[in-house]
Amino acid sequence: MPDAKKTVTVEVEGRTLGLSNLDKILYPATETTKGEVLHYYATVAPVLLPQLAGRPVTRIRFPEGVGGISFFEKNLPSGAPEWLERVTINSRGSRGGDKVIYPLVPDVATLTYLVNLASIELHTPQWRVEDGEPRNPDRLVIDLDPGAPAGLHECAELALQIRDRLAELGYSRTVPVTSGSKGLQIYAPTDGELTSDEVRDTMRELAQELTAKHPDRVVWKMTTSLRKGKILLDWSQNVAAKTTICPYSMRAKERPTVAAPRRWEELERETQHPGVLRQLDIYEVMERLATDGDLMAALNS
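Residues numbered from 1 in each chain as written. Predicted model: local features only at pLDDT ≥ 70, side-chain atom pairs only at ≥ 80, totals over all residues. Heavy atoms only, no water.

Moving on, we get to the sheet that holds strand E14 (residues 184-189). Read from one edge of the open sheet, 6 strands run E15-E16-E12-E14-E13-E18, paired in mixed fashion. Unpaired on one side and paired on the other, strand E15 (218-219) and strand E18 (260-261) mark the two borders of the sheet. (Pairing = 2+ DSSP bridges. Helix = DSSP H or I, 4+ residues; strand = E, 2+ residues; numbered from the N terminus.)

A separate point is unusual backbone geometry. Residue Pro149 is reached from Ala148 by a cis peptide bond, and omega for that bond is 10 degrees. Within the secondary structure, Pro149 sits in the loop between strand E12 (139-146) and helix H3 (152-168). With a phi close to 55 degrees, Glu31 is a non-glycine residue in the positive phi region. Note that Glu31 resides in the loop between strand E3 (25-27) and strand E4 (32-33). Of the residues examined, Glu31 reaches a relative accessible area of 56% and is grouped as exposed. Positive phi is not limited to glycine here, since Asp131 has a value of about 55 degrees. Looking at the secondary structure, you find Asp131 in the loop between strand E10 (129-130) and strand E11 (133-134). Using a relative accessible area of 76% as the deciding quantity, one classes Asp131 as exposed. (Buried < 20%, exposed > 50% of the residue type's maximum accessible area, 1.4 Å probe, protein only.)

Taken domain by domain, the chain holds domain 1 (7-132) and domain 2 (136-299). Here the C-alpha centroids of domain 1 and domain 2 sit 23 Å apart. At the interface, 30 residues of domain 1 touch 34 residues of domain 2. Contact between domain 1 and domain 2 buries roughly 2700 Å² in total, counting both sides, with carbon and sulfur atoms accounting for 58%. Per-residue buried area on domain 1 facing domain 2 is highest for Tyr40, Gln51 and Gln126; these three make up 28% of the total on that side. (Domains from an automatic or database assignment. Contact = heavy atoms within 4.5 Å. Buried area = accessible area lost by both parts, 1.4 Å probe.)

Set out below in structure tokens:
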């Protein structure tokens, strides 16, 4: 058996990286190793990197695997190499005035470096930086978060209504993404003219509208007690300080699932045949990429 603690030196895009503990099991239920996680991210890099480009990346790290301790990391990792791109941004959280030095992820070398630190989940805002400064968001997102016993089926039914309503508001190019957790997200590109606050307000109004229309199925308030059996339309993911799981990022769940872009036809099929839509894992996503290509590219057409 190979030494689980052995460090393997590799060349990635001209950068020399030491990859450690490749045999370490990060997903005990499926015995998925760190090496398999690195392989997944290298495979999907051509479609993941465009989603990360220009966006400060918050990572959730799981040094002992998904069953162990974890922590959010916004700042550049301690000991990061000089070549790793970074941007300093004033904190938009509750402690205004703090500065955060985020990594930017423009290439496979940077992605590999971060994933080697057991950064399983990658979260990004809906805006990018240009010349070191945050710009207006270039996309919007609505997060559909089901409260049990509601699930992915109910999310799919509601997502189709949201798609049609967004089209009426001028957002005709939309992509659904099963979150890799319980629900799904809907993305649409924006023209960059609206601020994060303006996008947030529009999405909140939409969530309130659908709650009024379907009070037995939809809720727009975050209050946990209101969410049983309903779908929370989380408009707050458009707040400038918020981040959302990046499309194609892995999730730290029992299975190595992925925030996976889907076709609207898949959601339509779910409404006719409940149970056919489910969260996808890394192996399924890699297979789909080989046959279907990048479904997020629809936002750029």
